[in-house]
Amino acid sequence: MRRLIALSLLLLSLSACALFPSRDPLNINVVGIEPLPSQELEVRFAVKLRVQNPNETAIDYNGVALNLEVNGRQLASGVSDQSGSIPRFSEAVVVVPVSISAFTVLRQTLGLSQTQTLDNLPYVLRGKLAGGAFGTMRFVDRGKLSLPGSTSGTW
């Protein structure tokens, strides 16, 4: 009897997964950065993200989280409890406040001093739009940065 119940629960859980439609990944682009009031040992910015929903259903979210790594090191992080909806095949701009501590800036500066050039620094932006137990959408954006003053190519 226990085997029959266990088998029934297993089949039920497997069929429930088929009810959730698969979603295409979100397209995320940083479209703006604005300064925010800061404390003594931190710098704060409002990061504006353009979130494109290439799916056939709307994405409802009730929180946003971001982490930014530059040159393999954590640089900034931020969270927001804002909520909203991005309609199907549509886009929206989401603003997330992020913080950069003075210690993180120091660590980045020491890491950059070991680099011969400021061209093509790798970055990784990781985040999520929270939407409940099964509605959370995670995203990753990778690329390369060229910092101002990097035209000479070396320090």
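Before any of the text, the structure's been laid out above.
Residues numbered from 1 in each chain as written. Predicted model: local features only at pLDDT ≥ 70, side-chain atom pairs only at ≥ 80, totals over all residues. Heavy atoms only, no water.

Trainee: Sorry, what's going on with the overall build of the chain here?
Mentor: Within the chain one finds two helices and nine strands. N-terminal to C-terminal, the α/β element order of the chain is α-β-β-β-β-β-β-β-α-β-β. Burial statistics for the chain: of 155 residues in total, 26% are counted as buried. For the chain, the share of sequence-separated contacts (at least 6 apart) that also reach a separation of at least 24 residues comes to 62%. Surface exposure of the chain reaches about 10200 Å², of which carbon and sulfur atoms provide 59%. (Helix = DSSP H or I, 4+ residues; strand = E, 2+ residues; numbered from the N terminus. Buried < 20%, exposed > 50% of the residue type's maximum accessible area, 1.4 Å probe, protein only. Contact = heavy atoms within 4.5 Å. Areas by Shrake-Rupley, 256 points an atom, 1.4 Å probe, with all protein chains shown as cover.)

Trainee: Which parts of the structure should I look at to understand the environment of F89?
Mentor: The residue F89 is located in the loop between β6 (84-86) and β7 (90-101) in this model. Residues in contact with F89, not counting those within four places in the same chain, are N53, P54, N55 and E56.

Trainee: When you look at the nonpolar core in this model, what are you seeing that I'm missing?
Mentor: The nonpolar side chains of a soluble globular protein tend to be buried, and buried together. Ranked by internal contacts, the top residues of the largest apolar core, which has 23 residues, are L26, L49, V51, L66 and L129. Not counting the four nearest positions on each side in its chain, L66 is found in contact with V47, L49, A76, S77, G78, V96, V98, L125, R126, G127 and F139. (Core = buried A, V, L, I, M, F, W, Y, C linked by side-chain atoms within 4.5 Å.)

Trainee: Even after reading the chapter, I still don't get the environment of G78, so can you show me in this structure?
Mentor: Residue placement: G78 occurs in strand β5 (residues 73-80). Its relative accessible area of 9% is what places G78 among the buried residues. The spacing of G78 and V64 is 14 residues in sequence and 8.3 Å in space, taken between C-alpha atoms. Those residues within four positions of G78 in sequence are excluded, and the remaining contacts are V64, A65, L66, V96, P97 and V98.

Trainee: Honestly, unusual backbone geometry in this entry has me stumped. Any pointers?
Mentor: What is expected of a backbone is that most residues other than glycine have negative phi and most peptide bonds are trans. Residue N71 is not a glycine yet carries a positive backbone phi of 55 degrees. Within the fold, N71 resides in the loop between β4 (64-70) and β5. Here the phi dihedral of F89 falls at roughly 45 degrees; this positive angle occurs in a residue that is not glycine.

Trainee: I would appreciate a short explanation of the pattern of salt bridges in the present structure.
Mentor: Evaluation of the coordinates by the stated rule reveals three salt bridges. As a salt-bridge pair, K48 and E34 come within 2.8 Å of each other at their nearest N and O atoms. Here E34 lies in strand β1 (residues 27-36) and K48 lies in strand β2 (residues 42-53), a separation of 14 residues in the sequence. Taking the shortest distance from any N to any O, the salt bridge between E91 and R50 comes out at 3.2 Å. On the criterion of sequence distance, the pair formed by E91 in strand β7 and R50 in strand β2 is long-range, its members being 41 residues apart. (Salt bridge = Lys/Arg side-chain N within 4 Å of Asp/Glu carboxyl O.)

Trainee: Before we go on, may I ask you to explain the side chain of N55 in this structure?
Mentor: Following the sequence through the fold, N55 ends up in the loop between β2 and β3 (59-61). The buried category is assigned to N55, whose relative accessible area is 4%. Setting aside its immediate chain neighbours within four residues, N55 contacts R23, D24, R88, F89 and M137.

Trainee: Explain the pairing of β4 to me, please; I cannot follow it from the model alone.
Mentor: A regular strand places its side chains so that they alternate between the two faces of the sheet. In the sheet, β4 pairs with β5 via seven bridges, with the strands oriented antiparallel. When the sheet's bridge partners are listed, A65 is paired in β5 with V79. Taking the residues that link successive antiparallel strands as the turn, the β4-β5 hairpin has two residues, and the phi of N71 there is positive, at about 55 degrees. (Pairing = 2+ DSSP bridges.)

Trainee: Can you walk me through the side chain of D141 in this structure?
Mentor: Mapped onto the elements of the fold, D141 is located in strand β9 (residues 137-145). Put simply, D141 is tucked away with no salt bridge, and the nearest opposite charge, on R142, sits 8.1 Å away. Of the polar contacts made by the side chain of D141, one reaches the side chain of Y123; its length is 3.3 Å. With residues up to four places along the chain from it excluded, the contact list for D141 reads I28, Y123, V124 and L125. (Lys, Arg positive; Asp, Glu negative; His and termini not counted. Polar contact = N/O pair within 3.5 Å; in protein donor to acceptor, adjacent residues only side chain to side chain.)

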